[in-house]
Structure formats: C-alpha cells, structure tokens
Amino acid sequence: RYGARDIQKMVVSLATMLRYSLNNGQNLIAVQDEIKQVQSYINLQQIRFENCFESEIRIQEEMNSCIIIKLLLQPLVENALYHGIKYKRAKGYIHVSGEKDGDVLRLSVRDDGVGMDECELEQLRREIRRPCRETEKGFGLANVNERIHMYFGPEYGMEIQSQKGGGTVVSLTIPAVKEETEPAGIGKR
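Rules behind the numbers
Residues numbered from 1 in each chain as written. Predicted model: local features only at pLDDT ≥ 70, side-chain atom pairs only at ≥ 80, totals over all residues. Heavy atoms only, no water. Core = buried A, V, L, I, M, F, W, Y, C linked by side-chain atoms within 4.5 Å. Buried < 20%, exposed > 50% of the residue type's maximum accessible area, 1.4 Å probe, protein only. Contact = heavy atoms within 4.5 Å. Phe/Tyr/Trp six-rings, centres within 6.5 Å; stacked < 30°, edge-to-face > 60°. Helix = DSSP H or I, 4+ residues; strand = E, 2+ residues; numbered from the N terminus.

Trainee: I tried to follow the nonpolar core on my own but got confused; where do I start?
Mentor: A general tendency of soluble globular proteins is for nonpolar side chains to be buried together. L73, I148, M158, I160 and L172 are the most contacted members of the largest nonpolar core, which totals 43 residues. Once you skip the residues sitting within four places of it in the chain, L73 turns out to touch E34, I35, V38, V96, L107, V109 and L172.

Trainee: Explain the packing of aromatic side chains here, please?
Mentor: What characterises a pair of aromatic rings is the spacing of the ring centres plus the angle enclosed by the ring planes. Evaluation of the coordinates by the stated rule reveals two aromatic pairs. With a centroid separation of 5.8 Å and 75° between ring planes, the pair formed by F49 and Y82 is classed as edge-to-face. With F49 in the loop between α2 (31–48) and β2 (53–59) and Y82 in helix α3 (residues 74–85), this pair connects stretches of sequence that are 33 residues apart.

Trainee: What's the story with the environment of R126 in this structure? I'm lost.
Mentor: Note on placement: R126 falls in helix α4 (residues 118–129). Counting along the chain gives 11 residues from R126 to K137, while the straight-line C-alpha distance between them is 9.8 Å.

As structure tokens, then:
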C-alpha cells in the first residue's frame, strides 16, 4: 500500500515529532520549531488519509524567533482533521496562519470541514473554558486553552468560530515573546 517514498517521509516525520516532543524537557519552543512539528504531523496524516486534504501554512517570518508553548498548533490541526475534514465527502483544506500584531501573536487553524451549528459551537466553547480534566468533549482544545492561561495569563487564550457546512476557525492569542527576552516569570503562573 505504501511505497518507499511514503515510508521514508513517514520515518522522517516521526523522528522529527519525537525529537520535538522530548525537547530536552522544555515546554517553551520557537515558533519555527512548532511549525516544523505541525508540518511533520500533516505529512503523516496526508499519507495515512491518502491525500484527502490539502494544507497551507503561512506564518510571518518575524514570528519565527518568538517562543510559544510546545504543542499548541498540532492539537488544533488534529481537531480540524478528525472533526471537520474526516466527515466531509470531498477533499478538505486546512490552513495554519500566524501574524505578529504589536506585542501579541495571533495563530489560527482554519478548515473547510463540516463545521458546527450554534448549539454545538456554544457547548464546545463552554467545555474549553473548563479545566481539561473536567471536560467531556474537546479535551485537546481545553488542554491548549488551559496551558495558555497557565503560562501567559487569563487575558490570552482561544476563540472558536464555526458554521454548519462552512468549516471552523480556532484562533489563539498569546504574547509575542522573543527567545532572548523571555521574561523571568513566564511559565510560573
């Protein structure tokens, strides 16, 4: 089923993901490294799902040296794939984007999957505001939101927009912190 090229790509992607997840025990990582992780994850899923979706990653270059909590974007891409694209009856699209807006980073994952109606969306929004250990749905999203609050404070976090049949956008807002200027208190909340 898989050719030599697919297997090679899968092994390289898995190795990249493993190195990233270990990261010498560090929870903070450069945006450019988070993007490599996301691309590796996408590569694996495109092989697994036989190219049932296309993807695009557009991150402003000035964001590359900013630090973020590792594993912020991959769970969002996973959610887009498993809850949006997987149930679509046509080829899907996942777009990862990021921009620096003054002293804030805005990251988003958008899909053109099945989306949610207003009732489902409101339920998911309530779930991600709860501690992840108490969630019944949306554990991965709740975990990302909770970690953002722990590291950066409650003024930062996640927003979700969706429309039934029109896809979903999950947006993250976090402070723009450069690697060399990491504040002493980051991650101590």
